[in-house]
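# Coordinate analysis (summary)
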Amino acid sequence: MTATVPEHGLEAGDVRHVADRHTAERHDTAERLLRSSAELSFDPATQVDWETPLNPDDHGMSPEWSSLYGTDYWAELSEAKRKELTRHEAASVASTGIWFEMILQQLVLRDFYAKDPTDPSFQWALTEIADECRHSIMFARGSAKLGAPAYVPKRSTVALGRFCAATWRGEAAYASILVAEEVLDVMQRDWMRDERVAPFVRTISNIHVVEESRHMKFAREETKENLRGAGPVRRHWQALAVAMAAYFIVTSMWNEKVYANVGLDTGRALREAAANEHHKALLRSSCAGLMEFLGSCGLLTKPALYFYRRANLI
């Protein structure tokens with residue numbers, strides 16, 4: 001039986017051996033993702049039904065994912081108003097997705113700038129960027145078809161995103177990517193199976209879930225790879241950066257303007273949404289696997305947990 005070589009306190013030859021092993025594993029993962037992409041990818045321009053008019057009897061998301069579901073305000077709303085609200089909330093989530101996908105593309109491009117183009121990881125990174133471009137267009141067209149305006153995050157959040165896109169790298173970048181993708185993944189798995197949801201939204205959700213599963217695999221691998229050999233100080237600061245990103249991403253998904261745009265009392269809606277334990281429980285459940293992964297990477301420090309709790313992710 002071959003003994004496992006520890007990665008700390010190694011001789012020079014052993015260090016090279018371990019590095020070569022990690023490189024081979026990384027290449028193998030990228031090659032599998034490239035094959036999967038070649039076998040199962042979608043063209044939203046032709047595979048989403050953009051022509052059939054929106055049916056006002058359809059929800060935009062599973063109503064259980066509405067920020068007001070289960071509140072007194074929700075109970076007072078007519079069924080038509082509930083459906084209209086979920087359509088605007090779905091468009092708000094999609095707009096936040098576009099905003100973050102544009103940050104994601106910049107992070108990945110910077111990470112692979114001037115690296116070896118023959119490396120499968122390089123080729124996968126470009127494949128992921130191409131996917132994200134299509135997803136952003138798909139979300140934009142979907143929001144327009146839902147009859148909603150652009151729900152751009154707050155100006156301060158947009159400015160912070162611009163700063164992060166220009167400066168973040170390594171595990172902070174990939175773990176933040178993972179946060180956004182994991183939360184959307186769980187939501188959209190519900191939406192794509194829900195016959196109450198508009199058919200084109202279900203198709204969009206299915207496309208995003210299938211293709212983002214590959215992106216999440218890559219983000220997990222890159223997070224672990226970048227953390228190899230990281231000391232406690234670096235982990236502490238990176239954990240805080242990821243948690244802050246998670247807070248701003250998730251709190252931007254439900255834009256407060258949706259309430260006024262569907263004719264609700266914004267103040268009351270915000271109060272009841274903030275106290276909605278059902279919605280908080282859904283968010284926490286959507287992040288259970290993510291929190292387990294971040295914990296295994298040493299990225300759930302006490303300061304980080306503060307922001308995850310503020311965002312109702314833990």
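Nothing here was measured: the structure is a model prediction, and the numbers come from that model.

What follows is about the environment of G263. With respect to the helices and strands, G263 occurs in the loop between α10 (257–261) and α11 (266–274). G263 gets classed as exposed once you look at its relative accessible area, which sits at 63%. Sequence spacing of G263 and L85 is 178 residues, and the spatial spacing of their C-alpha atoms is 9.3 Å.

In this section: the pattern of salt bridges. All chains considered together, the criterion is met by 18 salt bridges. In this structure, R32 and D28 form a salt bridge, with 2.3 Å as the shortest nitrogen-oxygen distance. Placement of the pair is R32 and D28 together in helix α1 (residues 12–39), with a separation of four residues, close to one helical turn. Where K224 meets E221, a salt bridge forms, and the shortest distance between an N and an O atom there is 3.5 Å. Taken as a pair, K224 and E221 lie in helix α8 (residues 199–227) at a separation of three residues, close to a single helical turn. Taking the relative accessible area as the measure of exposure, E221 reaches 24% and is therefore partly exposed. Linked by salt bridges that have partners in common, E64, D194 and R196 make up one network.

Helix length check: helix α5 (residues 120–145), at 26 residues, gives a terminal C-alpha distance of 37 Å against a target of 38 Å (1.5 Å per residue), a fit within 8%. The N-cap residue of α5 is D119: its side-chain oxygen and the backbone nitrogen of S121 are 2.8 Å apart. Looking one or two places after α5, you find G147, whose phi comes out positive at around 80°.

Chain-level pLDDT for the protein chain is 92 on average; 94% of the residues reach the 70-or-more range. Note on residues 1–6: pLDDT is under 50 here. Beyond four places in sequence and across chains, it has two contacts.

A few words on the nonpolar core. Counting residues in hydrophobic clusters, the biggest one holds 92 residues, and the most contacted among them are L68, L85, M187, Y308 and L313. A total of 13 residues in this core trace back to one element, the largest contributor, which is helix α4 (residues 79–112).

We now examine the packing of helix α7 (residues 170–193) against α8. Taken N-terminus to C-terminus, the directions of α7 and α8 make an angle of 155°; their axes are 8 Å apart at the nearest point. Taken as axis vectors, α7 and α8 run roughly antiparallel relative to one another. In this structure, the crossing between α7 and α8 has a hand that is left-handed.

Cut-off values and rules
Residues numbered from 1 in each chain as written. Predicted model: local features only at pLDDT ≥ 70, side-chain atom pairs only at ≥ 80, totals over all residues. Heavy atoms only, no water. Helix = DSSP H or I, 4+ residues; strand = E, 2+ residues; numbered from the N terminus. Buried < 20%, exposed > 50% of the residue type's maximum accessible area, 1.4 Å probe, protein only. Salt bridge = Lys/Arg side-chain N within 4 Å of Asp/Glu carboxyl O. Expected span 1.5 Å × (residues − 1). Polar contact = N/O pair within 3.5 Å; in protein donor to acceptor, adjacent residues only side chain to side chain. pLDDT = per-residue confidence, 0-100. Contact = heavy atoms within 4.5 Å. Core = buried A, V, L, I, M, F, W, Y, C linked by side-chain atoms within 4.5 Å. Axes fitted to C-alpha atoms, helices over the stretch in contact; angles between N-to-C directions. Parallel < 35°, antiparallel > 145°, perpendicular 65-115°, else oblique. Left-handed = near helix turned anticlockwise from the far one by under 90°.

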